[in-house]
Amino acid sequence: MNDLLPSESARWQFFEAKVRALMARYGFDEIRTPIVEQTALFARSIGEVTDIVEKEMYTFDDRNGDSLTLRPEGTASCVRAAMEHGLLHNQTQRLWYQGPMFRHERPQKGRYRQFHQVGVETYGFDGPDIDAEVILLSARLWQELGLSEHVTLEINSLGSSEARAAYRDTLVAYFEQHRDVLDEDSLRRLTTNPLRILDSKSEAMAKMLDGAPRLMDHLDDASREHFEQLKAMLDAAGIPYVVNPRLVRGLDYYCRTVFEWTTTALGSQGTVCAGGRYDGLVEQLGGKPTPAVGFAMGIERLILLLETLALIPDDALGGCDVYLVPMDAGTTVSALTLAERLRGELPELRLQLHCGGGSFKSRMKKADKSGARYALLLGEDEQQAQEITLKFLRDEREQERLAQAELGATLRQLLATR
RNA sequence: GUGGAUGUAGCUCAGUGGUAGAGCCCCGGAUUGUGGCUCCGGUGGUCGUGGGUUCGAUCCCCAUCAUCCACCCCA
């Protein structure tokens, strides 16, 4: 688990602000659910035999003996909340969420036990238009962040839940026949995620895999048509993609459209955003059949990517505009009241008042370190004359003495021209 | 869950079986009221934690925790 220190949190705020604005532009409303839920919710939705449920959940008994779990992902909670509060009753929803998720895995770069996701979930839309809509939303986010050139969209269709289940059975039967060829990983996946065996890089298994039944041949007609329409929409929108028949999501509830945005800039943690349809999940959790599509992106990975590519502008990284220095103890009080007056007058001004004493030299050092563009110096002379010294810390420009009464107007002008 | 590496000052890292070092940062001074550059001085360490071996362990051994990298999995 990681602490997020001030230098980092500025980057997060930059990212979060982009996301928040984008969601509003696409008509998505935020939902906030608890980070802890009944364990059964995740077991039933994600799948009993997935890695997440089998060995990665933070699960504990509460005082009543109920089994609770820190959420490993956001979709299940979102469905639960939407059902519980009637949001799915004869209506559609476009929701987004943001927050911490928990999985007990071995941490490494881009993978943490507490990590954060931004997710989008939609309910009640059956057609490929909403699939395209959420993919376009994510594509626009990359564009806004300057990431478009660094991520690739992969898409696939798993078919309807029924078709997918039937294909899975066919595939398992095929693999059972070739059990002697399967390596250790694949034998394990036979029960956990047989579709993923197709993705194996093992050369020994390559020939056997070539002969395996293909998912595309087992798609139901409706899913095939849905997928074709989605591709046409992405084409029309000018979004490049790669159809990856081996793209299989690890969570059981996915069906039909699945997609993934990946990057090669983050080592082995290349997936930066992933999602798809989960039309059967609401019903599975006790609601009425409701089509659904969503995705989640990993904030840590995206910020890591932004940092790696130096895509976070300096002026997004906090700091202040003005550093106000009382030159000695005798001017502290009037500096304090002056600071308050300016903050009241100029709400957009980021002004830091020097606190904590120290020599004048160290006060100036701190003014410099603060990143402020301007320093205001208040000494005995200035105080007596009701004036202030304005020093330009970043420009080749002589410092000026001006009346305190004019200060608000002067600073307003400086902020506007910056 | 598997394999490997690393834990020494706030940070980046040297180092030795015998009382612990550098650079950066921070503080003070050179410069009575002017930051950045330079020079001088100073503060700062349960040597990850717990055991063991030893007269003596930061160093050797064992365990444990954390982090990093890869596998696996995934965001």
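In this text, all values refer to a predicted model and were calculated from it rather than measured experimentally. (Residues numbered from 1 in each chain as written. Chains lettered and ligands numbered in written order. Predicted model: local features only at pLDDT ≥ 70, side-chain atom pairs only at ≥ 80, totals over all residues. Heavy atoms only, no water.)

A closer look at unusual backbone geometry
Step number 1: Positive phi outside glycine occurs at asparagine 90, with the angle close to 55 degrees.
Step number 2: With respect to the helices and strands, the residue asparagine 90 is situated in the loop between helix H4 (75-84) and strand S5 (93-102).
Step number 3: Phi is positive for alanine 310, which is not a glycine, with a value near 55 degrees.
Step number 4: Its location among the elements puts alanine 310 in the loop between helix H12 (299-308) and strand S12 (322-326).
Step number 5: Classification of alanine 310 by relative accessible area gives exposed; the value is 62%. (Helix = DSSP H or I, 4+ residues; strand = E, 2+ residues; numbered from the N terminus. Buried < 20%, exposed > 50% of the residue type's maximum accessible area, 1.4 Å probe, protein only.)

A look at the sheet that holds strand S7 (residues 152-157)
Step number 1: Spatial strand order, S1-S5-S6-S11-S10-S9-S7-S8: eight strands in an open sheet with mixed pairing. Among the strands making up the open sheet, the edge pair consists of strand S1 (29-30) and strand S8 (242-243). (Pairing = 2+ DSSP bridges.)

Let's talk about the side chain of glutamate 105
Step number 1: As for its position among the elements, glutamate 105 is in the loop between S5 and strand S6 (114-123).
Step number 2: Each residue touching glutamate 105, except ones within four places of it in the same chain, is listed here: Glu56, Arg111 and Arg113. (Contact = heavy atoms within 4.5 Å.)

Structural notes on the pairing of S12
Step number 1: Judged by how many residues are buried, S12 sits mostly within the fold: five of five residues are covered.
Step number 2: Burial of S12 is two-sided: the residues Val322, Leu324 and Pro326 facing one way and the residues Tyr323 and Val325 facing the other way are all buried.
Step number 3: In this fold, the crossover linking S12 to strand S13 (residues 351-353) by way of helix H13 (residues 332-345) has right-handed handedness. (Right-handed = clockwise from strand over helix to strand, strands pointing away.)

Some details on the side chain of glutamate 73
Step number 1: Note on placement: glutamate 73 falls in the loop between strand S4 (67-70) and H4.
Step number 2: The buried charged residue glutamate 73 lacks any salt bridge, with arginine 103 as its nearest oppositely charged partner at 5.9 Å.
Step number 3: Reaching out from glutamate 73, the side chain makes a polar contact with the backbone nitrogen of threonine 75 at a distance of 3.4 Å.
Step number 4: Looking at glutamate 73, its side chain comes within polar contact range of the main-chain nitrogen of alanine 76, at 2.9 Å.
Step number 5: Setting aside anything within four residues of it in sequence, one finds glutamate 73 in contact with Phe42, Ile46, Met101, Arg103, Gln117, Leu251 and Tyr253. (Lys, Arg positive; Asp, Glu negative; His and termini not counted. Salt bridge = Lys/Arg side-chain N within 4 Å of Asp/Glu carboxyl O. Polar contact = N/O pair within 3.5 Å; in protein donor to acceptor, adjacent residues only side chain to side chain.)

Details of the environment of phenylalanine 125
Step number 1: Its place among the elements puts phenylalanine 125 in the loop between S6 and helix H5 (128-145).
Step number 2: A C-alpha to C-alpha distance of 5.8 Å links phenylalanine 125 and proline 291, two positions 166 residues apart in sequence.
Step number 3: With near-sequence residues (within four places) excluded, phenylalanine 125 lies in contact with Thr92, Gln93, Arg94, Ile130, Arg277 and Pro291.

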